[in-house]
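Tertiary structure, described
Here are the chains, one letter per residue:
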Amino acid sequence: VKLFARLRSWLKWIVKRARLETAMEAELRFHIESIAEDLVRSGVPQPEALRRARIQFGGIESHKDAIRASLGLRFWDQLWMDLRYGVRMLAKGPAFTAIALLSLALGIGGNTAIFTLMNQVMLRNLPVRNPEQLVAFGDSEFGGIAGGIDLGALGGYFPWDFTRSLQTDPGPFQGVAAYCSFSNKVSIRPLVASGNVNASSPALLAPANLVSGNYFSVLDAQPLLGRTILPSDDATPGSGAVTVLSYHFWQQSLSSDPSILGKSITINGTPFEVVGVMPQGFLGIKQELEPTDLWTPISMQTVVLQQPSMLTPHSGLYFLHLFARLSPRAASNKAELARSQNWLNQQIRNGIREREGGTMSADRQLEISRARPLAYISVWFKDCPLFPEFALSPSARLRPSAAVTGPPASPFPVTRRRPRRTGTRSSTASLGSILRPLEYRLSQDVPSTMPTARIARRWPSSTRRSLATFSQKATRSGSLSSSTSTASKGHGRLLVSPATPNPGILAMLTRLE
Amino acid sequence: VGKRIDLLQGTLDMLILKAVSLGPLHGYGVLLRIRQVSGEQLEIQQGSLYPALYRLEHQGLIASECGESDNNRKAKFYRLTAAGRRQLHSETERWNRMASLIASILPTTLEEV
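Residues numbered from 1 in each chain as written. Chains lettered and ligands numbered in written order. Predicted model: local features only at pLDDT ≥ 70, side-chain atom pairs only at ≥ 80, totals over all residues. Heavy atoms only, no water.

Another point: the overall build of chain B. A tally of regular secondary structure across chain B gives 4 helices and 3 strands. For chain B, the succession of helices and strands along the chain, N to C, is α-β-α-α-β-β-α. Here chain B holds 113 residues, and 41% of them are scored as buried. About 6900 Å² of surface is accessible on chain B, with carbon and sulfur atoms providing 56% of the total. (Helix = DSSP H or I, 4+ residues; strand = E, 2+ residues; numbered from the N terminus. Buried < 20%, exposed > 50% of the residue type's maximum accessible area, 1.4 Å probe, protein only. Areas by Shrake-Rupley, 256 points an atom, 1.4 Å probe, with all protein chains shown as cover.)

Let's shift gears to the interface of chain A and chain B. Each side of the interface is counted separately: chain A has 24 residues, and chain B has 25 residues. Carbon and sulfur atoms supply 57% of the area buried between chain A and chain B, which totals about 2200 Å² over both sides. When the area that chain A buries against chain B is broken down by residue, the three leading residues are Glu 27, Phe 30 and His 31 of chain A, summing to 30%. Inspection of the chain A/chain B interface yields 3 salt bridges. In this structure, Arg 73 of chain B and Glu 33 of chain A form a salt bridge, with 2.4 Å as the shortest nitrogen-oxygen distance. Taken together, chain A and chain B are joined by 8 residue pairs in polar contact (both at pLDDT 80 or more). Elements represented by at least two residues in the side of chain A that touches chain B include exactly helix H1 (2–15), helix H2 (17–41), helix H3 (46–57) and helix H4 (60–71) of chain A. The biggest single contributor to the side of chain A that touches chain B is H2 of chain A, with 10 residues. For the side of chain A that touches chain B, a count of residues per class yields 11 nonpolar, 6 polar and 7 charged. (Contact = heavy atoms within 4.5 Å. Buried area = accessible area lost by both parts, 1.4 Å probe. Salt bridge = Lys/Arg side-chain N within 4 Å of Asp/Glu carboxyl O. Polar contact = N/O pair within 3.5 Å; in protein donor to acceptor, adjacent residues only side chain to side chain. Nonpolar A, V, L, I, M, F, W, Y, C, P; charged D, E, K, R; others polar.)

Before going further, it helps to examine the side chain of Ser 69 of chain B. Along the chain, Ser 69 of chain B falls in the loop between strand E2 (62–68) and strand E3 (74–80). On the basis of relative accessibility, which here comes to 6%, the residue Ser 69 of chain B falls in the buried class.

Attention shifts here to the pattern of salt bridges. All names here are of chain A. Counting across every chain of the model gives 24 salt bridges over all chains. The partner of Arg 164 in a salt bridge is Asp 234, with the nearest N and O atoms 3.7 Å apart. Of this pair, Arg 164 sits in helix H7 (residues 160–168) while Asp 234 is found in the loop between strand E8 (225–226) and strand E9 (242–245), placing the two residues 70 residues apart along the sequence. Looking at Asp 234, the relative accessible area reads 3%, which means it is buried. Through salt bridges with shared partners, a single network forms among Arg 17, Glu 21, Asp 65, Arg 68 and Asp 77.

All right, on to the packing of aromatic side chains then. Applying the stated criterion across every chain yields a total of 12 aromatic pairs over all chains. Between Trp 13 of chain A and Tyr 54 of chain B, the ring centres sit 6.1 Å apart and the planes meet at 55 degrees, which makes this aromatic pair tilted. Residue Trp 13 of chain A is located in helix H1, and its partner Tyr 54 of chain B is located in helix H3 (residues 46–58); the two belong to separate chains. Both residues of the pair, Trp 13 of chain A and Tyr 54 of chain B, count as buried. Taking the centre distance of 6.0 Å and the plane angle of 65 degrees together, the rings of Tyr 179 of chain A and Tyr 215 of chain A count as edge-to-face. (Phe/Tyr/Trp six-rings, centres within 6.5 Å; stacked < 30°, edge-to-face > 60°.)

We now examine the confidence of the model for chain B. Averaged over chain B, the pLDDT score is 86; the fraction of residues at 70 or greater is 93%. Mean pLDDT in chain B bottoms out at E2 of chain B, which sits at 88, and peaks at helix H4 (residues 82–105) of chain B, which reaches 92. (pLDDT = per-residue confidence, 0-100.)

Moving on, we come to the confidence of the model for chain A. Of the residues in chain A, 63% reach a pLDDT of 70 or more, and the chain-wide mean stands at 70. Contacts for the low-pLDDT stretch residues 379–513 of chain A, under 50 throughout, to residues beyond four places or in other chains number 324 contacts.

All right, on to the nonpolar core then. In terms of nonpolar packing, the biggest core is built from 48 residues, with Phe 137, Leu 245 and Leu 294 of chain A touching the most fellow members. With 5 residues, the top contributor of residues to this core is helix H12 (residues 334–356) of chain A. Counting residues in each nonpolar core, the second largest holds 41 residues, with Met 24, Ile 60 and Leu 73 of chain A together with Leu 31 of chain B among its members. (Core = buried A, V, L, I, M, F, W, Y, C linked by side-chain atoms within 4.5 Å.)

Residue and element names in this part refer to chain A. Of note, Asp 220 is a non-glycine position whose phi angle comes to about 60 degrees, a positive value. Along the chain, the position of Asp 220 falls in the loop between helix H8 (215–219) and E8. According to the relative accessible area criterion, Asp 220 is partly exposed, its value standing at 21%. The phi angle at Gln 306 is positive, at roughly 50 degrees, despite the residue not being glycine. Examined against the element boundaries, Gln 306 turns out to sit in the loop between helix H10 (301–305) and strand E13 (318–325). Accessibility expressed as a relative area gives 28% for Gln 306, which makes it partly exposed.

Once that is clear, we can look at the sheet that holds E3 of chain B. Residue and element names in this part refer to chain B. One open sheet accounts for 3 strands, arranged E1-E3-E2; its pairing is antiparallel. The open sheet terminates on both sides in strands that have one partner only, identified here as strand E1 (25–26) and E2. Pairing between E1 and E3: 2 bridges, direction antiparallel. By the bridge assignment, Leu 25 is partnered in E3 with Tyr 78. (Pairing = 2+ DSSP bridges.)

Dropping the structure here:
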């Protein structure tokens, strides 16, 4: 009760200070006059009485000070005076004030920016079960994805049949899942009740990502509504027209319709059943400039990408990224991790041999089996300062660029900003590779042209020719796609992906030739 | 007028509460009442009266309101609040215990120990 009374009293004194000061003065004067009156009554003449009363009582100001001190007001008074003094001094030196304010603003702004980046790359963990077990397969020691930000050279690309075989037999991993290396924009129309397309409603453009049937289960990402995509959806190319929506798309374009499940939308003119909605935090595995809004099975590739089927054995189209969940032992034990890595290397060797078929010379065979390591497995961020293989092998940089690797990524971008990679190879140390996304952020339109240049540099003329052919095709088919702007955006990446034999493997093969 | 004694440390608050408990008073009135009730024996330092009044009001033990003095002048009158009454009660009890304790100790002689 006392504390409450005190707070109220302080508040009163702060708010109604002037009035209370006047009342205090009046009260003290009344006291002096009362003394004087008593003196007059006892026979002292009026002026003399007042003088004596004043002397007896003492100075009014000193009484006031004592009262203020007893109330604990001195602290507030002094604080207020200091503040006023500070403001006066600042007003006196506008140049100094401007510089001080500017320094503060820049300092705070800079810190916020760096922290935002660090928070995503180093501090944030994936909102999935045991994120430290998740790894990505990539083609460079410093590349990959951390905190949803692409850190190094473009991640490893793999052809469909190879990813399929790893999905069915994940070896020492708990699971291996694939997703298309880019999300392309698709044209979407909701279906009206009758099941027909509502032709009067304008089509929406949204980025869709192809994912393998076990994509969500390997991540262990749970849907907000309905279910995620299942292996059965992705079983047969051409079937499995289902889609899982992002929270953002569901909310913005479908009015958060709670009964959306089971309804259909058309993607590039083909009806897809909506089977689930992901929670707000889930934006896919990699941060894109525009976050993915729909996930569909890889089996629906022809519809979603509007490209001829890439889902044939030996298609030579490298357009999928791979990530995996390590066994709990491998996540904590380096020897076990090395075992997983060796297994992956072996799978890649087998894949190459299979592709080359009987045409391989004995020398080539030998070289393939000698080249090592073919893959780096990178562990998600939280677990290690950077990527464990650096710590293990300082000579990582000297390895053949053939290595297929990639670091891990944190799927759930916190913000919708996302730096793009241009794919320059990094020879800087770990901190450098973390900071690099900043510089990309500054030149976000570079990437779409970059990959081509890189391909041209890295591949022999025969490959370059076939790339050129493909790129013409892609350009032509790009004009068919629903959105020209996306077509051109996605297209730069498309060039890399489908036409590009896995940069790692291919680069190695060509070098071996 | 006999020799006046100064207040013991910490007793001013209690005396003010007591004085005010007998009926609302202005500051000067508090001074007069304590002097009068004590048979002109107790003199309150003028300098400590108002700080004590304001402190007690700040603590919510007394409340103030405007009123008219005997000579028909406006003055600030203090009265006891419910919290002040409880405080006065407990202070009185504590004082009585302390006083009787001290009183029982002081006459002690060596033989009694």
